[in-house]
Amino acid sequence: MSAILRVQDLSQRFGGLHALKDVSFDIIDGEILGIIGPNGAGKSTLFNAIVGVVPPISGHVWFKDEDLVGVPPHEVMAKGVAKTSQSVQVFDEMSVLDNVAVAALLKNDSIKSAREAARGELEFWGLQSFADVIAQDLTLAQRSTLELARAMMLHPAVLLVDEVMAGLNEVEVDQMLDRMMQANRERGVTLIVIEHNMRALMRISHRILALDYGAVIALGEPAEVSKNQRVVDAYLGVE
Amino acid sequence: MRSLPTSRPWRIAFYLVALAALFLAPVYLQSSYSVRILVLVCLFGAASTGWNLIGGYANQISLGHTVFFGIGAYATVIFQGTLGLSPWLAIPTGIVLAVIVALLIGWPTFQLSGHYFALATLALLPVFHIIATYWEDLTGGSVGISVPILPSGLDTLQFDTPTPFFYIAAVLLVLVMILARWVRQSVLGLQLDAIRLNPQASTLAGVNQFRAKMKALVMSAAVVAVAGSLYGAFLQFMDPDTAFSWNTTLNLVLFAMVGGVRFWWGPALGALILIPFGEFASAQLTGNLAALGQLAYGVLLILLVLFQPRGIGGLFSIVWQKATGRKL
């Protein structure tokens, strides 16, 4: 039960907006941590601060005894903390295979071996028959899955998944959940998942962290957090 | 599908025919005027192909590549005209100087995201124009430097007819196109493609954008400098307006865009179409009609950018896909 990622007093400010206020929590190696919170609570901001896409103004992100704050994002990816984006970000005019091969270049020094590795990754996510399709011709669910495949191609120890299920139907959500849980179980990747789909999040999360106004308001087992009065208030807007 | 001309033997056959058409051009063109135009096609085609390595492949638009071209060109005329040294020594000198300038411009701007690189390169050209104009001891100032007539031969790069020079320029073009094709299909090429299509996503895919862009820029600057060196040898003259002209900047970008920036052969195709077109228009249309030629050129470019921003290469790839069912 050791922490693989330790977020310590992370703060972010955009002008007058205090987007993250001394956020601290540990992620245990191998767990799936769900993150909930109303719109604007700072969930994506937290992810961007962890991987350095938008570096925090203060605080630390400890990963294997190293502070990731100040490390350029592509190096964070290489060290083993990957992320998918809130709005699907794939290489639209590239084949599905090459979309994933780009990430495979991190651990392969030839195009050929990168594409081979990418094929294996596509198979894991059920996209192998779309390898030669141009990414923009995929459905939304496939594009979201492709972004997950690309991130997993980096062989991360921790993967931050930002609302990958937005806009998907129930069947697609369940397929994606199954694959994510399979990645967690079989490949040992620790997952931190931002999701508005509560049913989905309750199903996969070992623990849930609730954010509101840039601060942690609850952290614990899913059943526990969903009954927490502050969480209920944050969602229903009581006060 | 397999028997369609997408297979390797067909492609090799096509390359051989294209190579033959290029190298036999002086035979079937005959007029030395046409061969001179072809020299320009090869030199500017090579330079535009070089520009495309960073400008097209990675969509890092440079408006200052003329500086690398001008550095190469001045290197030649200074070596040959002022110092009495071989133009072949000027080529590596031009490469080194161009690469230094490229590193100085890329180092600060590629660490930032946004349009800083394009803006910085925009400022390069006037700076070098001023240096070339006022550093008279080195460049001969606004009068420029002329290379004296030397015994003709490969060592002096002076010849009685334009044909031998054409072969040198053609070899350069072919080598540069081989380089461009190799880069396109290399690890770097895939990374540059990722950067072009989606910078944020390429960071999430672990691409070191700074390093990829720097590599491409250095190669790009070196190629353009070599083309410039040969241009200096070809003209046997250089002054600030010729070396550091906005026209060259515009042309390097245009040839690539018209031909298609996604393709390693795009810029060369653009040069092959636009240079003879321009020469023909300015030869045929005189007086007030000359303006008409320029206007037609402009309208053509606007139409292309509006309706086929991927250039003729893009148009070709659509036709190709319809015919063969495969992406180019």
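As a starting point, this report considers the structure included with it.

Calculation notes
- Residues numbered from 1 in each chain as written.
- Chains lettered and ligands numbered in written order.
- Predicted model: local features only at pLDDT ≥ 70, side-chain atom pairs only at ≥ 80, totals over all residues.
- Axes fitted to C-alpha atoms, helices over the stretch in contact; angles between N-to-C directions.
- Helix = DSSP H or I, 4+ residues; strand = E, 2+ residues; numbered from the N terminus.
- Parallel < 35°, antiparallel > 145°, perpendicular 65-115°, else oblique.
- Left-handed = near helix turned anticlockwise from the far one by under 90°.
- Contact = placed C-beta atoms within 7 Å.
- Nonpolar A, V, L, I, M, F, W, Y, C, P; charged D, E, K, R; others polar.
- Core = buried A, V, L, I, M, F, W, Y, C linked by C-beta atoms within 7 Å.
- Buried ≥ 20, exposed ≤ 12 C-beta atoms within 10 Å, placed from the backbone.
- Pairing = 2+ DSSP bridges.

As for the packing of helix α3 (residues 96–104) of chain A against helix α4 (residues 111–124) of chain A
All names here are of chain A.
Consideration 1: Taken N-terminus to C-terminus, the directions of α3 and α4 make an angle of 115°; their axes are 8 Å apart at the nearest point. The angle between α3 and α4 places the two elements in the roughly perpendicular class. Considering only the axes of α3 and α4, their crossing is right-handed. From α3, V96, L97, V100, A101 and A104 reach across to α4, where they touch A114, R115, A117, A118, R119, E121 and L122.
Consideration 2: Its residues assigned to classes, the contact of α3 with α4 comprises 9 nonpolar, no polar and 3 charged.

A short note on the nonpolar core
Across soluble globular proteins, nonpolar side chains have a tendency to be buried as a group.
Consideration 1: Ranked by size, the top nonpolar core spans 168 residues in total, and within it I50 of chain A together with C42, L43, A169, A216, V224 and A227 of chain B carry the most contacts.
Consideration 2: Ranked by residues supplied to this core, first place goes to helix α11 (residues 209–235) of chain B with 15 residues.
Consideration 3: Each residue touching C42 of chain B, except ones within four places of it in the same chain, is listed here: F166, A169, A170, L172 and L173 of chain B.

Observations regarding the interface of chain B and chain A
Consideration 1: Taken together, the contact pairs 19 residues of chain B with 24 residues of chain A.
Consideration 2: Broken down by element, the side of chain B that touches chain A gets its largest block of residues, 6 residues, from helix α9 (residues 187–197) of chain B.
Consideration 3: Partitioning the side of chain B that touches chain A into residue classes produces 8 nonpolar, 10 polar and 1 charged.

Remarks on the sheet that holds strand β2 (residues 17–28) of chain A
Residues and elements named next belong to chain A.
Consideration 1: If you walk across this open sheet you meet the 4 strands as β2-β1-β4-β5, and the pairing is antiparallel. The strands lining the two open edges of the sheet, one partner per strand, are β2 and β5 (66–67).
Consideration 2: Here helix α1 (residues 43–51) sits on the sheet in contact with β1 (3–14), β2 and β4 (58–63), set at roughly 70° to β2.

Overview of the packing of α9 of chain B against α11 of chain B
Residues and elements named next belong to chain B.
Consideration 1: Interaxial distance between α9 and α11 falls to 10 Å at its minimum, and their mutual angle equals 115°. Classified by the interaxial angle, the pair formed by α9 and α11 is roughly perpendicular. Considering only the axes of α9 and α11, their crossing is left-handed. Contact residues: α9 offers L188, Q191, L192 and I195, while α11 offers Q209, A212, K213, K215 and A216.
Consideration 2: Class assignment for the residues of the contact of α9 with α11 results in 5 nonpolar, 2 polar and 2 charged.

Things to note about unusual backbone geometry
All names here are of chain A.
Consideration 1: Although it is not a glycine, D22 sits at a positive phi angle of roughly 45°.
Consideration 2: Looking at the element boundaries, D22 is found in strand β2.
Consideration 3: Non-glycine residue K64 carries a positive phi angle of around 50°.
Consideration 4: Following the sequence through the fold, K64 ends up in the loop between β4 and β5.

So, the pairing of strand β8 (residues 190–194) of chain A
Residues and elements named next belong to chain A.
Consideration 1: Of all 5 residues making up β8, 5 are buried, and the element is well covered by its neighbours.
Consideration 2: Residue alternation in β8 divides its side chains into two sets, T190, I192 and I194 and L191 and V193, and both sets are buried.
Consideration 3: Pairing between strand β3 (residues 32–36) and β8: 4 bridges, direction parallel. Bridge assignment links L33 to a residue of β8, and that residue is I192.
Consideration 4: Relative to β8, strand β7 (residues 158–162) runs parallel, the two sharing 5 bridges. Within β8, the residue paired with V161 across the bridge is V193.

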